[in-house]
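Topology and contacts: notes
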Amino acid sequence: MKITTMSLAVTFAMTSLAASADEAALRQKAIDAGLEPVPYGLQQVEDNPVTREKIALGKMLFFDPRLSASGVISCNTCHNVGTGGDDNLPTSVGHGWQTGPRNSPTVFNAVFNVAQFWDGRAEDLKAQAKGPVQAGVEMANEPEQVVRTLNSMPEYVERFGLAFPGEEDAVTFDNMAKAIEAFEVTLVTPNAPFDQWLEGNDGAMSDEQKAGLELFIDKGCAACHSGVNIGGQDYYPFGLIKRPGADILPPEDKGRFQVTETASDEYVFRAAPLRNIALTAPYFHSGQIWDLEQAVAVMGTAQLGTQLSDDEAATIAAFLEALTGEQPTIEYPTLPLETDATPKPRL
Ligand code: HEC
Ligand code: HEC
């Protein structure tokens, strides 16, 4: 009897030892596949020192609908920080209820992307931020009008001065973009279950999620989706093996071809960043797929030429849920008061 108990204890010890060896092997495999945790601490970006004055100003600008011609639409309209940093619509709705051509990607962790937009046409966040303010289907404003609006409010003038010390005329369209970039740098989501597990906390992911991680690597997903953002680091044809149907891949949006005008870039898109993916349905640049398992299955056929079983797709989706990090806590800013000189809304 005693011997049985002992051998049971030994067996138990050996299985958990084996389990932790498996755990270590899987962890090494994830690291070798180039999967990385969200780093601690504030990122610094090129040519734009991130100071607290700039972050505070950028936060106001991000939430200020007066950057739009109508006075109704702010960055937060389409990148709602309460819903994963996007708008949960197939494609975004902007000025005058116009529907844009693409799904809104999350602003969370965007600082880790190699470049911005589905096709990477903006090299960084400050270059990106000037786009939506001027886009006819988004905020439909003009730079001069934005500067006029900002200059009409004494608190903004003062805050631009503090954020860009030593500049004679600090209220500029470029500085608006730089301040927004500084705020966006703070929008990172650390401590996802996957990150905690990578750091050595075995219990942070469920067995199903670990199995999903293994499939994610073995099936070849990690070949395109890696780095800190588990994507966002390089460009690939959407439909590398088999082009998806016109509903998912509308023929008129040729992706990176519009940026480089190189034939081989037709239907090439940035490998989508997969952090917080469980929060940002619907999926793909067309926003036509609402179900994460279905999106995984589309990737199997389109990118890998593999018909994933329902079980495999569900297991991989379970792993993707482990990429949901701590959402930033943001206090809604009180915005500067308008004056008589503030341009009136143009609806
Ligand atoms: C009307 C909706 C709308 C508004 C308003 C809007 N965006 Fe976007 N945003 C989008 C869409 C749609 C895309 C993707 C467009 C594309 O890839 O061509 C995008 C892309 C982005 C990206 C790139 C993310 C990535 O992963 O590539 C960032 C960053 C971003 N927007 C920040 C902002 C900021 C800052 C503002 C305010 C100045 C703003 N957006 C206003 C809809 C909007
Ligand atoms: C050959 C490169 C490649 C491979 C392999 C690949 N992907 Fe993708 N993935 C992409 C690209 C490019 C996109 C962006 C597609 C678009 O433009 O809508 C994408 C988009 C996605 C999306 C939608 C993200 C969003 O924000 O809407 C998910 C989910 C996804 N991939 C998961 C996976 C999974 C899971 C696998 C493995 C079964 C996989 N991918 C394999 C390149 C790849």
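The rules behind these values
- Residues numbered from 1 in each chain as written.
- Chains lettered and ligands numbered in written order.
- Predicted model: local features only at pLDDT ≥ 70, side-chain atom pairs only at ≥ 80, totals over all residues.
- Near = placed C-beta within 6 Å.
- Helix = DSSP H or I, 4+ residues; strand = E, 2+ residues; numbered from the N terminus.
- Nonpolar A, V, L, I, M, F, W, Y, C, P; charged D, E, K, R; others polar.
- Buried ≥ 20, exposed ≤ 12 C-beta atoms within 10 Å, placed from the backbone.
- Contact = placed C-beta atoms within 7 Å.
- UniProt positions renumbered as here; feature names shortened; annotations may be inferred.
- Domains from an automatic or database assignment.
- Core = buried A, V, L, I, M, F, W, Y, C linked by C-beta atoms within 7 Å.
- Arc of directions from axis to C-beta.

Digging into the site of ligand 2
- Not every one of the 26 residues close to ligand 2 is listed here, only the nearest: Cys-221, Cys-224, Phe-269, Ala-272 and Phe-284.
- Considering every element that reaches the shell around ligand 2, the biggest residue donor is helix α11 (residues 292-304), with 6 residues.
- Of the residues contributing to the shell around ligand 2, the split by class is 19 nonpolar, 6 polar and 1 charged.

Regarding the environment of Ser-286
- Mapped onto the elements, Ser-286 comes out in the loop between β2 (268-270) and α11.
- Given 21 C-beta atoms within a 10 Å radius, Ser-286 is considered buried.
- Taking the C-alpha atoms as reference, Ser-286 lies 7.3 Å from Pro-250; in sequence the two are 36 residues apart.
- Excluding residues that lie within four positions of it along the chain, Ser-286 makes contacts with Asn-103, Ile-248, Leu-249 and Pro-250.

So, the UniProt feature "binding site: heme c 1" (unreviewed entry) in the chain
- According to UniProt, the feature "binding site: heme c 1" (unreviewed entry) maps to Cys-75, Cys-78, His-79 and His-95 in the numbering used here.
- Position of Cys-75 among the secondary structure elements: in helix α3 (residues 75-78).
- One can find His-95 in the loop between α3 and α4 (125-134).
- Note on His-95: 20 C-beta atoms within 10 Å, which makes it buried.
- In this view, His-95 contacts Ser-68, Ala-69, Ser-70, Ile-73, Gly-136, Val-137, Glu-138, Met-139 and Ala-140; residues no more than four positions away in its chain are not counted.

Brief notes about the domain arrangement of the chain
- As assigned here, the chain comprises domain 1 (27-40 + 190-321) and domain 2 (52-185).
- The centre of domain 1, based on its C-alpha atoms, is set 27 Å off from the matching centre of domain 2.
- Counting only elements with at least two residues in the side of domain 1 that touches domain 2, the list comes to α10 (257-260) and β2.
- Looking at the side of domain 1 that touches domain 2 residue by residue, the classes come out as 10 nonpolar, 11 polar and 5 charged.

A few points about the nonpolar core
- In this structure, Phe-216, Ala-295, Val-296 and Ile-316 are the most contacted members of the largest nonpolar core, which totals 39 residues.
- Looking at this core, the elements that each hand over two or more residues are α8 (193-198), α9 (207-218), β2, α11 and α12 (310-321).
- No other element matches the 7 residues that α11 contributes to this core.
- In this structure, Val-107, Leu-125, Tyr-156 and Val-188 belong to the second largest nonpolar core, which totals 37 residues.

Side note on helix α5 (residues 143-151)
- When α5 is considered as a whole, its buried residues turn out to be Val-146, Thr-149 and Leu-150. Looking straight down α5, one finds that the buried residues subtend no more than 95° of arc, so they occupy a single side.
- Buried residues along α5 sit against α4, α6 (154-163) and α7 (173-185).

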